[in-house]
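Secondary and tertiary structure notes
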Amino acid sequence: MKKTLIAAALLAGFASAAQAQSNVTLYGIVDMGYVNSKNDGSSATSALDSGVLGSSRFGFRGSEDLGNGLKANFQLENGFKADDGSLGTDKTIFDRAAWVSLSGGFGELRLGRQDSLGFNWFRGAINPFGNAYLQAQSKTVFNGGAPLTAIEDRLSNSVFYYSPSFSGFQAAVGYSFNPNAGETVGNDGDTPVVSLGARYQAGPLLAVVTYEQKNAADVAVAPANSDIKNLQVGATYDFGVARLHAGYGRLTNARFNSASDDENTYLIGVSVPFGASTILASYQRNDNANRNAGRNDKAIDGFGLAYNYSLSKRTTLYAMFDTFGDSILRAGSTTGATGDRRELAVGVQHKF
């Protein structure tokens with residue numbers, strides 16, 4: 001009897017030790033909202049849509065303590081559409097993240113599909129709407145604008161190094177051998193991407209600078225090849241009663257076009273928390289927007305306004321409105337279309 005009790009105690013101890021050394025977490029977001037949108041010259045459309053406040057997703061992340069301060073980490077994340085249950089990206093299970101890393105006192109080295117620094121460090125943090133909220137998100141005007149994104153937000157076949165934080169300063173560098181292919185092809189058809197970033201975060205201040213360059217494929221294309229370059233600089237400052245946001249972007253040679261097609265992009269915004277509520281607002285402008293070339297107003301500009309109410313730490317109700325001028329072509333209409341696009345949405349988001 002004593003031997004049985006001793007064996008059971010030892011097994012319980014080993015199980016506790018193993019659990020302390022490694023862990024795996026299932027997490028996710030389900031976001032559904034009613035969206036009413038209208039383009040100039042067209043009737044309004046209404047629909048239930050997924051991913052207004054944040055893209056619906058689920059994922060797994062975990063780490064294992066290897067001893068001496070060294071850890072092995074991983075993340076697998078899938079985007080999906082809650083309105084119909086389909087994959088966020090056709091035929092791709094983990095379209096948002098699929099990487100493994102080693103971390104320790106030296107920083108972290110990640111391998112796999114992961115966010116670019118411009119997408120995560122700048123556009124996700126400097127805009128009060130981050131990378132969500134329909135047209136109010138950063139992608140509407142920064143980095144070429146959707147759906148004509150110049151440099152991919154998430155980079156496949158990539159290796160990233162993140163330094164430790166020194167008194168609030170952190171730097172990172174990444175390289176993708178071929179950013180949007182299932183595998184590197186190892187020939188002149190590759191379009192490698194370099195991603196660089198530095199940020200300072202201490203007290204109420206966050207300051208970020210990122211630079212990315214996508215090298216054109218060596219194979220002949222029309223128009224002539226040229227490397228895409230994207231510089232972004234921004235900061236936020238929390239005054240307690242409100243947080244101010246400001247950002248600037250300079251995009252050169254968008255979409256491998258050898259013509260003079262540099263774009264300058266600007267952002268100013270504010271987020272105001274009070275109790276369980278938060279009000280968000282921003283104004284964005286893209287001058288010399290190439291997708292509007294040849295039209296009376298080549299700029300794209302507009303504002304977003306939103307109200308969030310937290311029912312709990314995991315459940316949020318939201319309402320938002322945005323309008324962007326001369327943006328229909330960017331939103332996917334036929335060449336030469338012009339006018340404003342307005343969006344109104346209300347919904348609920350739950351995190352698990």
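In this report, we go over the structure that sits alongside the text. (Residues numbered from 1 in each chain as written. Predicted model: local features only at pLDDT ≥ 70, side-chain atom pairs only at ≥ 80, totals over all residues. Heavy atoms only, no water.)

The helix and strand tally for the protein chain stands at two helices and 17 strands. By the burial criterion, 42% of the 352 residues in the protein chain qualify as buried. Counted over contacts in the protein chain with a minimum sequence separation of 6, partners at least 24 positions apart contribute 55%. When the accessible surface of the protein chain is summed, it comes to about 17200 Å², and 59% of that surface belongs to carbon and sulfur atoms. (Helix = DSSP H or I, 4+ residues; strand = E, 2+ residues; numbered from the N terminus. Buried < 20%, exposed > 50% of the residue type's maximum accessible area, 1.4 Å probe, protein only. Contact = heavy atoms within 4.5 Å. Areas by Shrake-Rupley, 256 points an atom, 1.4 Å probe, with all protein chains shown as cover.)

Next up on the list: the pattern of salt bridges. One pass over the structure, following the stated rule, counts twelve salt bridges. Between Asp153 and Lys139 there is a salt bridge; the shortest N-O distance is 3.4 Å. Here Lys139 lies in the loop between helix H2 (117-126) and strand S7 (154-162) and Asp153 lies in the loop between H2 and S7, a separation of 14 residues in the sequence. In this structure, Asp262 and Arg250 form a salt bridge, with 3.0 Å as the shortest nitrogen-oxygen distance. Within this pair, whereas Asp262 is found in the loop between strand S12 (243-252) and strand S13 (263-274), its partner Arg250 is found in strand S12, the two being separated by twelve residues in sequence. Using a relative accessible area of 23% as the deciding quantity, one classes Asp262 as partly exposed. Given a relative accessible area of 30%, Arg250 falls into the partly exposed group. (Salt bridge = Lys/Arg side-chain N within 4 Å of Asp/Glu carboxyl O.)

Turning to the nonpolar core, a few remarks are in order. Counting 20 residues, the largest nonpolar core has Leu117, Trp121, Ile126, Tyr162 and Val208 as the members making the most contacts within it. When residues of this core are traced back to their parent elements, those giving at least two are H2, S7 and strand S10 (205-214). Examining the composition of this core, we find that four residues originate from one element, H2, more than from any other. The contacts of Tyr162, once residues within four sequence positions are left out, are Phe106, Gly107, Glu108, Arg110, Asp115, Leu117, Trp121, Gln170, Ala171 and Ala172. Among the nonpolar cores identified, the runner-up in size contains 13 residues, and Val52, Leu53, Tyr133 and Leu280 belong to it. (Core = buried A, V, L, I, M, F, W, Y, C linked by side-chain atoms within 4.5 Å.)

Turning to the environment of Ser55, a few remarks are in order. Position of Ser55 relative to the elements: it lies in the loop between strand S2 (45-50) and strand S3 (57-67). When its relative accessible area of 30% is taken as the criterion, Ser55 is described as partly exposed. Sequence-wise, Ser55 and Ala82 are 27 residues apart; in three dimensions their C-alpha atoms are separated by 9.2 Å. Those residues in contact with Ser55 that lie beyond four places of it in its chain are Ile29 and Arg96.

This part covers the packing of aromatic side chains. Across all of its chains, the model carries eleven aromatic pairs by this definition. Relative to Phe239, the ring of Tyr237 lies with its centre 4.8 Å away and its plane at 55°, an arrangement referred to as tilted. For Tyr237, a relative accessible area of 35% translates into the label partly exposed. The structure contains a cluster of three or more aromatic residues connected by ring pairs, namely Phe58, Phe60 and Phe80. Over the ring of Tyr27 we find Arg61; its NZ or CZ atom is 3.9 Å from the centre of that ring. Just above the ring of Trp99 sits the side chain of Arg110; from NZ or CZ to the centre is 4.2 Å. (Phe/Tyr/Trp six-rings, centres within 6.5 Å; stacked < 30°, edge-to-face > 60°. Lys NZ or Arg CZ within 6 Å of the ring centre and 35° of its normal.)

Read these as spatial facts, not as claims about activity.
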